[in-house]
Amino acid sequence: MDQHAFLKNIAIVLNRPRYPENIGAAARAMCNMGLGRLIVVSPENFDTSRILTLSTHAAAGVANAIEVFDDLQTALGGFSYVAGTTARLGGRRQVLSSPEKTAAKLIFVSAQNQAAVLFGPEDRGLTNSELRFCHGLVHIPTAGFSSINLAHSVTIMCYELFKAALAPPKTFSPKLADRRQLDAMYAQLTETLVRINYLQPENPDHWMDRFRRFFSRLPLRAGEVSLIRGICRQINWYAGKCYKDGKNGNPPDPALDLENSEDS
């Protein structure tokens, strides 16, 4: 596969950008480095003329093909790997990668999957809830002042992707589950774990972050997602059966081995 075959499967996603000039400058940086798919989510001001002014004539094709979405979950639905950018450190943002390593990972994935690099708004960056859509986090190191202009951050990541595509790995990632499949699995897994009292219903998302990080390290194929969802369905069915048996006065299922469990 040539360089363009990898880069065409990688998108740049700008979430809630405030200034159309940054959108245009991002399009120009993408054009410089051979990327062509730009997605903008809930922009504060999508002024086409100001976008085209900064993108310049050379990148007008990228700017005119911008995909605009109202919400992030829908925008990321078709991607099998999402790298989220963050300037803030600590807390839930402790497992970080460099731009170079992230680019290599994205090239590895993009041979058979759609991948994306996600950027937050200029003033605040991505929130913790938005980072839940990401498989990995990337941090651009600086000498001290950590805030980098949005378009400059896009340029750095696009440059690293361009370099990584020049010398791609000899092996590639298999076909992975996309964001829609994963989100449906997480929703079903959350419901199941709450139902069996493994998670408390007041704040399940906080504890589900551990499962998200665990599965993101694998990552999962579509068939494996179906397997996990099938287990959840069986657990829900069996929990409902046990509840009905108890309500109707039926003896418990011998498989539960309640007598031995009480002795222990």
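Refer to the structure printed above.
Bear in mind that the values here come from a model prediction, so they are computed numbers and not experimental data.

**Student:** What's the story with the nonpolar core in this structure? I'm lost.
**Tutor:** A general feature of soluble globular proteins is that nonpolar side chains tend to end up buried together. Grouped together as the largest cluster of nonpolar side chains are 36 residues, with contacts concentrated most on Ile12, Leu14, Leu35, Leu38 and Val154. The biggest single contributor to this core is helix H8 (residues 150-166), with 7 residues. Contacts of Ile12, omitting those with residues within four sequence positions, involve Met30, Leu35, Arg37, Leu38, Ile39, Val117, Phe119, Val154 and Cys158. With 16 residues, the next largest nonpolar core counts Ala11, Val41, Val82 and Phe133 among its residues.

**Student:** Can you help me understand the pattern of salt bridges in this one?
**Tutor:** Pairs may arise between side chains of opposite charge once their charged atoms sit close together. The final tally for this structure, using the stated rule, is 10 salt bridges. Between Glu67 and Arg37 there is a salt bridge whose closest N-O contact spans 2.8 Å. Of this pair, Glu67 sits in strand S3 (residues 67-69) while Arg37 sits in strand S2 (residues 37-41), and the two are 30 residues apart along the sequence. Residue class for Arg37 comes out partly exposed when judged on its relative accessible area of 27%.

**Student:** Would you mind showing me how to read the pairing of strand S4 (residues 81-85) here?
**Tutor:** Every regular strand shows the same layout, with side chains that alternate between the two sheet faces. Among the 5 residues of S4, 5 are classified as buried, and the element is accordingly described as predominantly covered. Taking every second residue as pointing to the same face, both faces of S4 are buried, with Tyr81, Ala83 and Thr85 on one and Val82 and Gly84 on the other. With 4 bridges joining them, S4 and strand S6 (residues 115-119) adopt parallel strand pairing. Of the residues in S6, the one forming a bridge with Gly84 is Leu118.

Definitions and cut-offs
Residues numbered from 1 in each chain as written. Predicted model: local features only at pLDDT ≥ 70, side-chain atom pairs only at ≥ 80, totals over all residues. Heavy atoms only, no water. Core = buried A, V, L, I, M, F, W, Y, C linked by side-chain atoms within 4.5 Å. Buried < 20%, exposed > 50% of the residue type's maximum accessible area, 1.4 Å probe, protein only. Helix = DSSP H or I, 4+ residues; strand = E, 2+ residues; numbered from the N terminus. Contact = heavy atoms within 4.5 Å. Salt bridge = Lys/Arg side-chain N within 4 Å of Asp/Glu carboxyl O. Pairing = 2+ DSSP bridges.

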